[in-house]
Amino acid sequence: MQHPFYVTTAIAYANGGPHIGHAYELIASDAVARFNRLAGKDVLFLSGTDEHGKKMERTAAAAGLTPLELANLNAKKFEDLLRALCISNDDFIRTTQERHKDTASRFWNLMCESDDIYKGSYSGWYSVRDEAFYSENETFINDDNSRCGPNGTEVEWISEETYFFRLSKYQDRVLGFLEQNPDFVGPKERYNEVLSFVKSGLRDFSVSRANSNWGIPVPNDPSHVMYVWVDALVNYVTATHYLLDIKNEKAIYWPASLHVIGKDIIRFHAVYWIALLMSAKLPLPSKVFAHGFVLNKGEKMSKSLGNVIDPNMLIDRFGSDSVRYFLLREIPFGQDGNCDEQLIAARVNGDLANGIGNLTSRSLSMIVKNCDSQIPQPGEFSNSDRKIIEQSYALYPSVSKEMDSLQIHKALSLIIQLATEVDRYLTTEAPWLLSNNDRPRMNTVLYTATEVLRVIGIMLQPFTPRAAGKILDMLSIHQDRRHFGTINEATRIRPGTSVCTPEALFPRV
Ligand code: MSP
């Protein structure tokens, strides 16, 4: 029985198109999803768009569109980006879909059954940009005299009737859960942040908005719509159809194995979401991991600064594999990191074009030229041949260890290190010299290099799927023999296998 692995991204607000931060989250989650699939797990990978709320309502009005028209427009941009980046999501959820509205209503009713929803009135600060309520002491007055929330977004005073969720009731259970599961939140800094937030005391929070008709109506009181964050969080359950039909084939994926999100929305996932699930009596997810922010030359990106990076522009310039590789290798997963064209060019030229690309073309063009385009029959392996092959078989367990702890950048660096080693091996063994005076030895060296290249191709699939696929195609590796279970001697590349003339994997920038 395969072990189900359910990984999600945050669902992006559909009030605008995607930026590089969204692309980063998609790429990282995709690497994790692909890695787990190749490791033999039964994976469900979900992404989508968050389409309700005041922000949508206002942006649409300003653009002269209905909120749904705006959502349709932007959801398409996200779906297009997913394709352009080779994201392998199994489903794309939009919170305006019927399946989601049904699930959210059922979820609400479950919270009512636990007596956790009550009517009251809320007077306080609200940031439409963050779709978040803030207490007075979390706000500050900006230079232009406007009041802002902790993220620097403007807040407005609202005073309205609302439904509250009894978060305070879950204080002890949430704290107990976090203390018993110190790995539930990663990285460690975020866990500590969440823990101290919970220890500082949880207060009931508003879970509905009056005066809005753009949202999911509160069951039995259509004068309110659900607070957009409650609506949005439930998307993770919706996609498994767990509340609609527990016997359906997707229900086995709940609870989620991993929610990948940005550090700015950790509280919603690691505290509110957990309490909401406890209230609805649903099983809790296994892990929430908060990645850092992609910065432009050290600065936060914003429309007002005009420094927002468009991922499509980078894909056009560098190709999706290079953008994927750069973001995953350059930014330690969990920390902030910079993205700019010079940095991308340096990584692409160094690690990919001169590294993996050069290695592939060096070894394959020699086989095409000297071995009639077929993997040669090796002779007896020398110590150095054996060493590099064994090193390549040892790569999977070590990369897997890094991926299990979501150290994606370290996982990639191990793969690149192996490519560097093979390059060194080739330089030392110099098969181009052997072609004149020792053909049997040349064959063994080229065999060894391509066997390691096969492993590198397999291991690169989660990170640079297109280029990895090309490497494996050039080596004529059958589709069924590209999973991690084939990284061993028993499935080593067969002599006589045809290879193709190498094509450029990563054009130098
Ligand atoms: N709609 C909510 C999420 C609801 S999940 C139930 C939301 N949307 S968002 O569009 O603002 O952000 C979507 C994701 O992108 C979040 O995980 C957020 O942290 C991430 N990022 C937004 N800007 C980012 C960067 N500059 N860098 C990296 N990730 C960033 O929040």
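Residue numbering note: each chain is counted from 1, following its sequence as written. Note on the predicted model: pLDDT of at least 70 is required for a residue's local features to be given, and 80 or more for side-chain atom pairs to be given and counted; whole-chain, interface and lining totals, by contrast, use all residues. Hydrogens are left out, water is left out, and the side-chain values use all remaining heavy atoms of the structure.

A.B. asks: How should the site of the ligand be read in this particular structure?
C.D. replies: Neighbouring the ligand are 24 residues, the closest being Ile11, Glu25, Asp50, Gly262 and Asp264. By the criterion applied in these results, polar contacts are pairs of N or O atoms within 3.5 Å in which, for protein atoms, one can donate a hydrogen and the other can accept it, and in which residues neighboring in sequence qualify only through two side-chain atoms. One of the side-chain nitrogen or oxygen atoms of aspartate 50 is found 2.7 Å away from a nitrogen atom of the ligand. One of the backbone N or O atoms of glycine 262 is found 2.8 Å from an oxygen atom in the ligand. Broken down by secondary-structure element, the contributors of at least two residues to the shell around the ligand are strand S2 (12-13), helix H1 (20-38), helix H7 (228-233), helix H8 (235-238) and strand S15 (258-262). Polar here means any residue other than Ala, Val, Leu, Ile, Met, Phe, Trp, Tyr, Cys and Pro, which are nonpolar, and Asp, Glu, Lys and Arg, which are charged; Gly is therefore polar. Looking at the shell around the ligand residue by residue, the classes come out as 13 nonpolar, eight polar and three charged. Only a single heavy atom is needed: when it lies within 4 Å of a molecule or strand, its residue is near that molecule or strand. Only runs of H or I of at least four residues qualify as helices and only runs of E of at least two qualify as strands under DSSP, and these elements are numbered from the N terminus.

A.B. asks: Any chance you could explain the pattern of salt bridges here in plain terms?
C.D. replies: Should a side-chain nitrogen of Lys or Arg be within 4 Å of a carboxyl oxygen of Asp or Glu, the pair is scored as a salt bridge. Summed over all chains, the structure comprises 29 salt bridges. Across the pair arginine 347 and aspartate 351 runs a salt bridge, and its minimum N-O distance is 3.2 Å. Of this pair, arginine 347 and aspartate 351 both sit in helix H12 (residues 341-370), four residues apart, which is roughly one turn of that helix. Classification of residues uses two cut-offs on accessible area relative to the type maximum, computed with a 1.4 Å probe and protein chains only: under 20% is buried, over 50% is exposed, and between them is partly exposed. Taking the relative accessible area as the measure of exposure, aspartate 351 reaches 18% and is therefore buried.

A.B. asks: Quick question: what am I supposed to make of the sheet that holds strand S9 (residues 156-165) here?
C.D. replies: Strand pairing within a sheet occurs via backbone hydrogen bonds; the two strands may be parallel or antiparallel. Two strands make a pair as long as DSSP finds a minimum of two bridges between them. Taken together, the four strands give an open sheet; going across it, the order is S6-S5-S9-S11, and neighbouring strands pair in antiparallel fashion. Strands with a single pairing partner mark the edges of an open sheet, and in this sheet they are strand S6 (132-134) and strand S11 (205-206). Direction of pairing for S9 relative to S11: antiparallel, over a ladder of two bridges. From the neighbouring strand, phenylalanine 165 faces S11, where its bridge partner is phenylalanine 205. In what follows, residue pairs with any heavy atoms lying within 4.5 Å of each other are defined as contacts. Each axis is a line fitted through C-alpha atoms, and for a helix only the stretch in contact is used; angles between axes span 0 to 180 degrees, taken between their N-to-C directions. Strand contacts of helix H9 (residues 266-280): S6, S9 and S11, with the helix running at about 35° to S9, the strand carrying the most contacts.

A.B. asks: What's the story with the environment of threonine 427 in this structure? I'm lost.
C.D. replies: If you trace the backbone, threonine 427 turns up in helix H15 (residues 408-429). Judged by relative accessible area, threonine 427 falls into the partly exposed class, the value being 48%. For the pair formed by threonine 427 and isoleucine 27, sequence separation is 400 residues and the distance between their alpha carbons is 34 Å. Residues contacting threonine 427, with those up to four places away along its chain left out, are Arg362 and Trp432. Of note is the side chain of threonine 427, whose polar atom sits 3.4 Å from the side chain of arginine 362.

A.B. asks: Honestly, the packing of helix H2 (residues 54-63) against helix H3 (residues 67-84) in this entry has me stumped. Any pointers?
C.D. replies: Two numbers describe a pair of packed helices, the interaxial angle and the distance between the axes. One can describe the packing of H2 onto H3 by two numbers: an axis separation of 8 Å at closest approach and a directional angle of 95°. When the axes of H2 and H3 are compared, the pair comes out roughly perpendicular. On H3, the residues touching Met56, Glu57, Thr59 and Ala60 of H2 are Pro67, Leu70 and Ala71. Tallied by class, residues from the contact of H2 with H3 come to five nonpolar, one polar and one charged. Angle categories: roughly parallel below 35 degrees, roughly antiparallel above 145, roughly perpendicular from 65 to 115, and oblique for all the rest.

A.B. asks: It is not clear to me how the sheet that holds strand S13 (residues 217-218) should be interpreted in this structure. Could you clarify?
C.D. replies: Strand order across the open sheet formed by three strands is S12-S14-S13, with antiparallel pairing between neighbours. Strand pairing shows two members of the sheet lacking a second neighbour, strand S12 (208-210) and S13, which therefore form its edges. Of the strand pairs in this sheet, S12 and strand S14 (residues 221-226) are connected by three bridges, and their pairing is antiparallel. Its bridge partner lying in S14, arginine 209 is registered against valine 225.

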